[in-house]
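Commentary on secondary and tertiary structure
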Amino acid sequence: MPELPEVEVTRRQIEKILVGRTVLGVDTTKKSYFFLTPPAELRARLVGRQTKALTRVGKYLVAELDDGSRLLLHLGMTGQLFAAGARSPRLLSAERRATLSPERAQGFEPDQHTHLVMRFAEPGPNLYFRDVRKFGKVAWIARGEAHERLDKLGVDALRVSGAELYAALRRRAAPIKSVLLDQSVLAGVGNIYADEALFLAKIRSKRPAKRLRPEECERLAAAIRRVLRRSITRGGSSIDDYVRPDGSDGAYQTECHVYGRGGEPCRACKTPIKRIVIGGRSTHYCPTCQK
Ligand SMILES: [Zn+2]
């Protein structure tokens, strides 16, 4: 699932092909839960609009349009936002990839999973939003209107301070791992980065969130910012279907200390990494390094 770093990497690449361009045409698939705004309305609202800026709030991308309205984009589980001309066999599902000829896998043409295509008046590539499982979301937000999906988000994880984290954890009795994944507490942290940050901060994943001391919150906030920034510089993690908008893979997953390393020796102390389930999510930690 794309997490904050993947969404930020996507933002930086998509910004270049979206900002300053005027929408000439919009193609969509038929009405579905992918569209929070019905496709027909979306097409009507977007044509003629120019994007002024592309911002990120947690795992959401928000295109600021020239009439003050906004376009909200969320990658969901398997969403891929990319420019025409991106080349990667990862753009195709594993199932379909196996049946494709190498020539076919080289380029990409919009298929039944490409729910949104934006064409522009200025020269340059089209923008595609493809999502095999359709847990991604697209919504148009009128000028001056709020949106519940943005309103309920907590502090952006890339900018969180120790004091903000300490304040947010005060009334939470749930394990710190679960609370870090709660987007209303901290926007943008997902499973990989929660495990990695807790390892770097030397904090055991099962500890009740409200028991963390201020100095531990400082360590944890610094660790969260560090793992997210590092992942952004590495292009995110390519696990499952995530690809960068240019079609290349991220590389952060090869650097994980604990995530996906159950049974393997801790890189710091050689103790085997433990894998447990907390709140329905697989959780990895070092029983020696993390207290
Ligand atoms: Zn260790």
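Look up: the structure comes first, before these words.
Model, not experiment: these values are computed from the prediction.

Considerations on the overall build of the protein
In terms of helices and strands, the protein carries 9 helices and 12 strands. Relative to its 291 residues, the protein shows a buried fraction of 51%. If you take every contact in the protein between residues at least 6 apart in sequence, the share linking residues at least 24 apart comes to 66%. Within the structure as shown, the protein displays about 12,900 Å² of accessible surface, and the carbon and sulfur contribution to it stands at 50%.

Focus: helix 1 (residues 4–18)
The terminal C-alpha atoms of helix 1, which comprises 15 residues, lie 20 Å apart, in line with the 21 Å expected from a rise of 1.5 Å per residue. Along helix 1, the sharpest kink reaches roughly 25 degrees, centred on Arg12. Counting buried positions over the 15 residues of helix 1 gives 12, a clear majority of the element. When helix 1 is considered as a whole, its buried residues turn out to be Leu4, Pro5, Glu6, Val7, Glu8, Val9, Thr10, Arg11, Gln13, Ile14, Ile17 and Leu18.

Remarks on the side chain of His147
Structurally, His147 is set in the loop between strand 8 (137–141) and helix 5 (148–151). Of the residues examined, His147 reaches a relative accessible area of 15% and is grouped as buried. Once residues within four sequence positions are removed from consideration, His147 is found in contact with Leu36, Leu72, Ala139 and Ile141.

Quick look at the pairing of strand 8
With 5 of its 5 residues buried, strand 8 lies for the most part within the structure. Of the pairings in the sheet, the one linking strand 4 (residues 70–74) to strand 8 comprises 5 bridges and is antiparallel in character. Bridge assignment links Leu71 to a residue of strand 8, and that residue is Trp140.

Points about the pattern of salt bridges
Charged atoms that come close allow side chains of opposite charge to pair. Per the stated rule, a full pass over the model turns up 18 salt bridges. One salt bridge connects Arg49 with Asp66, and the closest N-O pair in it is separated by 2.6 Å. In this pair, Arg49 sits in the loop between helix 2 (39–46) and strand 2 (51–57) while Asp66 sits in the loop between strand 3 (60–65) and strand 4, placing the two residues 17 residues apart along the sequence. Note that Arg207 is salt-bridged to Glu216, the shortest N-O span being 2.9 Å.

With respect to the coordination of the zinc ion
In this structure, Cys266 (SG), Cys269 (SG), Cys286 (SG) and Cys289 (SG) serve as the protein donors to the zinc ion, at separations of 2.2 to 2.4 Å. Around the zinc ion, the 4 donor atoms are arranged such that angles at the metal cover 101 to 113 degrees; this shape is classified as tetrahedral.

Quick word on the environment of Glu264
Along the chain, the position of Glu264 falls in the loop between helix 9 (214–233) and strand 11 (274–278). Glu264 gets classed as partly exposed once you look at its relative accessible area, which sits at 36%. In this structure the C-alpha to C-alpha distance between Glu264 and Lys274, which are 10 residues apart in sequence, comes to 8.5 Å.

Concerning the sheet that holds strand 4
Taken in spatial order, the 4 strands make up an open sheet running 2-3-4-8, and their pairing is antiparallel. Strands with a single pairing partner mark the edges of an open sheet, and in this sheet they are strand 2 and strand 8. Averaged over all pairs of adjacent strands, the angle between strand axes in this sheet comes to 20 degrees, irrespective of strand direction. The pairing of strand 2 with strand 3 spans 6 bridges and is classified as antiparallel. Its bridge partner being in strand 3, Leu54 is matched across the sheet by Ala63.

Things to note about the sheet that holds strand 6 (residues 114–120)
Backbone-to-backbone hydrogen bonds pair the strands of a sheet. The strands run either parallel or antiparallel. Spatial ordering of the open sheet is given by 1-6-7-5, a layout of 4 strands whose pairing is antiparallel. Strand pairing shows two members of the sheet lacking a second neighbour, strand 1 (23–28) and strand 5 (79–83), which therefore form its edges. Across the sheet, the axes of successive neighbouring strands diverge by a mean angle of 10 degrees, strand direction being ignored. Where strand 1 meets strand 6, 5 bridges bridge the pair, whose relative direction is antiparallel. Following the sheet pairing, Val23 is matched in strand 6 by Phe120.

So, how was this worked out
- Residues numbered from 1 in each chain as written.
- Predicted model: local features only at pLDDT ≥ 70, side-chain atom pairs only at ≥ 80, totals over all residues.
- Heavy atoms only, no water.
- Helix = DSSP H or I, 4+ residues; strand = E, 2+ residues; numbered from the N terminus.
- Buried < 20%, exposed > 50% of the residue type's maximum accessible area, 1.4 Å probe, protein only.
- Contact = heavy atoms within 4.5 Å.
- Areas by Shrake-Rupley, 256 points an atom, 1.4 Å probe, with all protein chains shown as cover.
- Expected span 1.5 Å × (residues − 1).
- Bend = angle between axes of the 7 residues up to and from the residue.
- Pairing = 2+ DSSP bridges.
- Salt bridge = Lys/Arg side-chain N within 4 Å of Asp/Glu carboxyl O.
- Donors = N, O, S within 2.8 Å, 3.2 Å for Na, K, Ca; no water.
- Tetrahedral: all angles 85-135°; square planar, octahedral: opposite > 155°, others 65-115°.
- Axes fitted to C-alpha atoms, helices over the stretch in contact; angles between N-to-C directions.

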